[in-house]
Amino acid sequence: MSFSKSLGLFAVLLSFLLLASPLLARAHEELSVVKEPFIVSDPNNDLNEERSVVAVDNNGNAHLIWIDGSGYSLFYAMFDPDGNQLIAPTELLNGVGSYKYRKPKLAVDDSNCLHIVYHSEAAEVGYLKVDPYRDDLDGDEADPANIIVVEPTIVSVEDDVRSVSPAIATGSAVHIVWRDGSYDEQGAIWYTKLDEDG
């Protein structure tokens, strides 16, 4: 290889390293914690809350839902972009005496309303719509009667087949998908579409 070709190859390699070095440096930046971890649910509750889900609205506010460890209650809380509590943990659904809730999912639409799906031991997929901005956002519990816009409604086909594992997405409409059939048997995927009003 001639000296001029070697020099040209060296120049190309040096240019690449100079251009790539900022990218390589960014790959090793440290994580910046904006808000230290803190307990959202009741620390005195020995029911082992589970199945937490979070979504962020157009204002940067975080919306959390989870099932309490008994499975009979679905809770909701809201935090501003700095991690300050706007709505304290609020029980949206209480199935005590009837059936347990499982695997909630959450989507936020363009109007900052929450669309929630879940399946229950009643073997069907349920849906409800929440508008948290109907609350005064003072950091206390919300009144579910004020913020629930669409009451819990069964959206799956009510038959003798168990409906499980729902998922939800929003856009110009609400899209819901789930599986019919228990986990240990064959099943089919079902889909439904609701308008944005639920």
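Residues numbered from 1 in each chain as written. Predicted model: local features only at pLDDT ≥ 70, side-chain atom pairs only at ≥ 80, totals over all residues. Heavy atoms only, no water.

Which residues make up the overall build of the protein chain, and what values do they have?
Tallying secondary structure elements over the protein chain gives two helices and 11 strands in all. Moving toward the C terminus, one meets the helices and strands of the protein chain in the order α-β-β-β-β-β-β-β-α-β-β-β-β. Residue burial in the protein chain is summarised as follows: out of 198 residues, 38% are buried. The contacts in the protein chain between residues at least 6 apart in sequence include a share of 40% that link residues at least 24 apart. Carbon and sulfur atoms form 53% of the exposed surface of the protein chain, whose accessible area is close to 11600 Å². (Helix = DSSP H or I, 4+ residues; strand = E, 2+ residues; numbered from the N terminus. Buried < 20%, exposed > 50% of the residue type's maximum accessible area, 1.4 Å probe, protein only. Contact = heavy atoms within 4.5 Å. Areas by Shrake-Rupley, 256 points an atom, 1.4 Å probe, with all protein chains shown as cover.)

Lay out the pairing of strand S3 (residues 73–79) with the relevant residues and their values.
Put simply, side chains in a regular strand alternate between the two faces of the sheet. Counting buried positions along S3 yields seven of seven residues, so the element is predominantly enclosed. Covered by surrounding structure in S3 are Ser73, Phe75, Ala77 and Phe79 together with Leu74, Tyr76 and Met78, the residues of both alternating faces. Both strand S2 (residues 62–67) and S3 contribute to a ladder of six bridges, which runs antiparallel. The partner of isoleucine 65 across the bridge, within S3, is tyrosine 76. (Pairing = 2+ DSSP bridges.)

With reference to specific residues and values, describe the nonpolar core.
Soluble, globular proteins show a tendency: their nonpolar side chains are buried together. In terms of nonpolar packing, the biggest core is built from 22 residues, with Tyr76, Ile116, Leu128 and Val130 touching the most fellow members. Of all elements in the fold, only strand S1 (50–56), S2, S3, strand S4 (85–94), strand S5 (101–108), strand S6 (114–120) and strand S7 (125–130) reach the threshold of two or more residues within this core. Broken down by element, this core gets its largest block of residues, four residues, from S4. Counting residues in hydrophobic clusters, the runner-up holds 11 residues, among them Val150, Val155, Val174 and Leu194. (Core = buried A, V, L, I, M, F, W, Y, C linked by side-chain atoms within 4.5 Å.)

Explain the sheet that holds strand S8 (residues 148–154) residue by residue, including any values.
The strand order S5-S6-S7-S8 describes an open sheet built from four strands, whose pairing is antiparallel. Of all the strands in the sheet, the pair left with one neighbour each is S5 and S8. Pairs of neighbouring strands in the sheet enclose a mean axial angle of 15°, with direction left out of account. (Axes fitted to C-alpha atoms, helices over the stretch in contact; angles between N-to-C directions.)

Break down the packing of aromatic side chains for me, with residues and values.
On inspection of all chains with the given rule, the structure shows three aromatic pairs. Here tryptophan 66 and phenylalanine 75 contribute two aromatic rings whose centre-to-centre distance is 5.8 Å and whose plane-to-plane angle is 15°, an arrangement assigned as stacked. Residue tryptophan 66 shares its accessibility class with phenylalanine 75, and that shared class is buried. Relative to tryptophan 190, the ring of tryptophan 178 lies with its centre 6.3 Å away and its plane at 15°, an arrangement referred to as stacked. (Phe/Tyr/Trp six-rings, centres within 6.5 Å; stacked < 30°, edge-to-face > 60°.)

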